[in-house]
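# Chain and residue survey
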Amino acid sequence: MQQFLYFCKQNIELFICMNKTVLITGATSGIGLGCARKFAANGDRLILTGRNEQRLEEIRKELEAKGTKVLTLAFDVRDRAKATECIENLPKEWKDIDVLVNNAGLALGLEPEYQGDFEDWETMIDTNIKGLLTMTRLIVPGMMERNRGHIINVGSVAGDAAYANGNVYCATKSAVKTLSDGLRLDVADSNIRVTNLKPGLVETNFSNVRFHGDTERAAKVYKGIDPLTGDDIADVAVYAANAPEHVQIAEVLILATYQGSGSVIVRK
Ligand code: NDP
Ligand code: 8X3
């Protein structure tokens, strides 16, 4: 009996130790929502962020019903003051973030660079680059103090090479790659790990947003191929976060099977 109790204690301790606090930006849809569900299934505690407060509430209820501890924070990653206020005022038990999933992002438009929309450009740059930097700047100092943490940036195959009419979006994802590489160098003297995930075609709300609500045009993006899902990308994120401590998954390119690159897609 004593041996059995000792065995239980050891395993409970192991479980508590494996349980991480994971903050996900853009958790209301697509890849971010996939990450919320997969990290929850992994037994982690979640801080879920996004702008859509109602969706955050629904997701919180869904995951709490399955026993996951969830805190929601509604803010726009472009609003640096609000993001700072939210992170600085985290309740004590939520302050020690182990994993930051910098996922919030978007593409707007698909036009030649010489015809692009100035406002679309600003929104992509402010969200995909400056928003990601804001979250990194707010959360990584705590990780450095604790000498523990993992930053998972959601980049894209679009950051490896430009595709026609992708110009500014591709540039923002190229920046995510450079910022991930830069951060990895800057924390190389610590236990902190940095991963850049580079998905290919993932069927989410991404194309609806890109085409400003033109759902027909959005559906065509995924026609004739079997696209990736948010869950597929989340599986890789959870794997990277749970790799042995001495293993740093620096970068992962995840393509759909009938996809050769950001611009080569074979449709049936
Ligand atoms: P979705 O449109 O389904 O999800 C985007 C998420 O980002 C939403 O939760 C949205 O939440 C959030 N978001 C957007 N802007 C802001 C903002 N200003 N502040 C806070 N949250 C914001 O698209 P995906 O899941 O596909 O996209 C997630 C990430 O994956 C993006 O960075 C995208 O570039 C990247 N990616 C997508 C690929 C794809 O093919 N789908 C492939 C490669 C990378 P809310 O509206 O509540 O704010
Ligand atoms: C999203 C993938 O190829 O549609 O980053 O730009 S792609």
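Predicted model, so just to flag it, every value in this text is computed and none were measured.

## Things to note about the site of ligand 2
By nearness alone, every residue bordering ligand 2 is listed as Ser156, Val157, Ala158, Tyr163, Tyr169, Gly200, Leu201 and Phe206. The separation between an oxygen atom of ligand 2 and a polar side-chain atom of serine 156 is 2.5 Å. Contacts to ligand 2 include tyrosine 163, whose side-chain N or O atom sits 2.4 Å from an oxygen atom. Its free accessible area being 240 Å², ligand 2 has 89% of it covered by the protein chains. Partitioning the shell around ligand 2 into residue classes produces six nonpolar, two polar and no charged.

## Some points on the site of ligand 1
Surrounding ligand 1, one finds 29 residues, the nearest of these being Thr28, Ser29, Arg51, Tyr169 and Thr204. Within the contact set of ligand 1, an oxygen atom lies 2.6 Å away from a side-chain nitrogen or oxygen of arginine 51. For ligand 1, an oxygen atom lies 2.9 Å from a polar atom in the backbone of valine 202. Those elements giving two or more residues to the shell around ligand 1 turn out to be helix H2 (30-41) and helix H6 (167-186). Grouping the amino acids of the shell around ligand 1 by side-chain chemistry returns eleven nonpolar, 14 polar and four charged.

Quick notes on the rules
Residues numbered from 1 in each chain as written. Chains lettered and ligands numbered in written order. Predicted model: local features only at pLDDT ≥ 70, side-chain atom pairs only at ≥ 80, totals over all residues. Heavy atoms only, no water. Near = heavy atom within 4 Å. Polar contact = N/O pair within 3.5 Å; in protein donor to acceptor, adjacent residues only side chain to side chain. Areas by Shrake-Rupley, 256 points an atom, 1.4 Å probe, with all protein chains shown as cover. Nonpolar A, V, L, I, M, F, W, Y, C, P; charged D, E, K, R; others polar. Helix = DSSP H or I, 4+ residues; strand = E, 2+ residues; numbered from the N terminus.

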